[in-house]
Amino acid sequence: MKKSILSAGFLLAFGQAGVLYAHTQNGSLGAAATATDYYQVTCSNDGNGPPASLIAQVRDSTPVAVPIVSVRVTKGAVSRSASDPIDGDAQYSPLVTVAGGAGVYNVYISKSKSGAEIYTLSFHCMTGATGGGVHTGTRIVIKQNQ
């Protein structure tokens, strides 16, 4: 479920001066320790400029459970990951930035051990190579839902 919302908290957290559209994807992982959700995020120029990077982070939602939820973003030979260390709070994992330009990025959500989990993925294509600049064309497709 792709949602577009304006988020004042997101704007403050990332220091953006202009309007930024937040993209989130809610999901769940089944009880198996190996359960992994797989998404493809396509970054494109929507008139705001050519994309230079994808930024992403994950929030482990309630109910509170033992596994730690992580996000991994890959494009080509570059792969970055982060985990949400505290389950059930309102905070996301540290931000992951992959500077792969326009095109398709692979995004994986996994967990550290068995037990069902619910999460929210936040993701944004940006014109800056380090995740800065302005938001540009961002589209997500789910490829695997475990």
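Structure report, in brief. This structure is a prediction, so every number in the text was calculated from the model and none was measured.

Let's talk about the overall build of the protein
A count of helical and extended segments in the protein gives 1 helix and 10 strands. Listed N to C, the secondary structure of the protein is β-α-β-β-β-β-β-β-β-β-β in terms of helices and strands. The buried share of the protein, reckoned over its 146 residues, is 42%. Contacts in the protein between residues at least 24 apart in sequence constitute 73% of all its contacts with a sequence separation of at least 6. Total accessible area computed for the protein in this model is approximately 6900 Å², and 57% of it derives from carbon and sulfur atoms.

Some details on the environment of leucine 121
As for its position among the elements, leucine 121 is in strand β9 (residues 117-126). Using a relative accessible area of 0% as the deciding quantity, one classes leucine 121 as buried. Here the alpha-carbon distance between leucine 121 and tyrosine 92, two residues 29 residues apart in the chain, equals 8.7 Å. Ignoring anything within four residues of it in the chain, the contact list for leucine 121 reads His23, Thr24, Gln25, Tyr39, Ala56, Gln57, Val71, Val107, Ile109 and Ile140.

Regarding the sheet that holds strand β3 (residues 37-44)
Read from one edge of the open sheet, 5 strands run β6-β5-β8-β3-β10, paired in antiparallel fashion. The outermost strands of the open sheet, each flanked by one partner alone, are β6 (78-84) and β10 (137-144). Across the sheet, the mean angle from the axis of one strand to that of its neighbour is 20°, orientation sign disregarded. In this sheet, strand β8 (residues 103-111) lies alongside strand β5 (residues 69-75) in antiparallel orientation, the contact comprising 6 bridges. Within β8, the position partnered with threonine 74 by the bridge is asparagine 106.

Looking at the state of the cysteines
Under the defined criterion, the tally for this structure stands at 1 disulfide. One disulfide bridge connects cysteine 43 with cysteine 125, the sulfur atoms lying 1.9 Å from each other. Note on the cysteine 43 and cysteine 125 pair: the S-S dihedral is about -75°, so by sign convention the disulfide is left-handed. One end of the pair, cysteine 43, is in strand β3; the other, cysteine 125, is in strand β9, with 82 residues separating them in the sequence. Each member of the pair, cysteine 43 together with cysteine 125, is buried.

Looking at the nonpolar core
Within the largest apolar cluster, 22 residues are counted, with the highest numbers of intra-cluster contacts made by Leu54, Val71, Val73, Val107, Ile109, Tyr119 and Leu121. Secondary-structure elements contributing two or more residues to this core are β3, β4 (53-60), β5, β7 (96-98), β8 and β9. A per-element tally of this core places β9 first, with 4 residues.

How each quantity is defined
- Residues numbered from 1 in each chain as written.
- Predicted model: local features only at pLDDT ≥ 70, side-chain atom pairs only at ≥ 80, totals over all residues.
- Heavy atoms only, no water.
- Helix = DSSP H or I, 4+ residues; strand = E, 2+ residues; numbered from the N terminus.
- Buried < 20%, exposed > 50% of the residue type's maximum accessible area, 1.4 Å probe, protein only.
- Contact = heavy atoms within 4.5 Å.
- Areas by Shrake-Rupley, 256 points an atom, 1.4 Å probe, with all protein chains shown as cover.
- Pairing = 2+ DSSP bridges.
- Axes fitted to C-alpha atoms, helices over the stretch in contact; angles between N-to-C directions.
- Disulfide = S-S within 2.5 Å.
- Core = buried A, V, L, I, M, F, W, Y, C linked by side-chain atoms within 4.5 Å.

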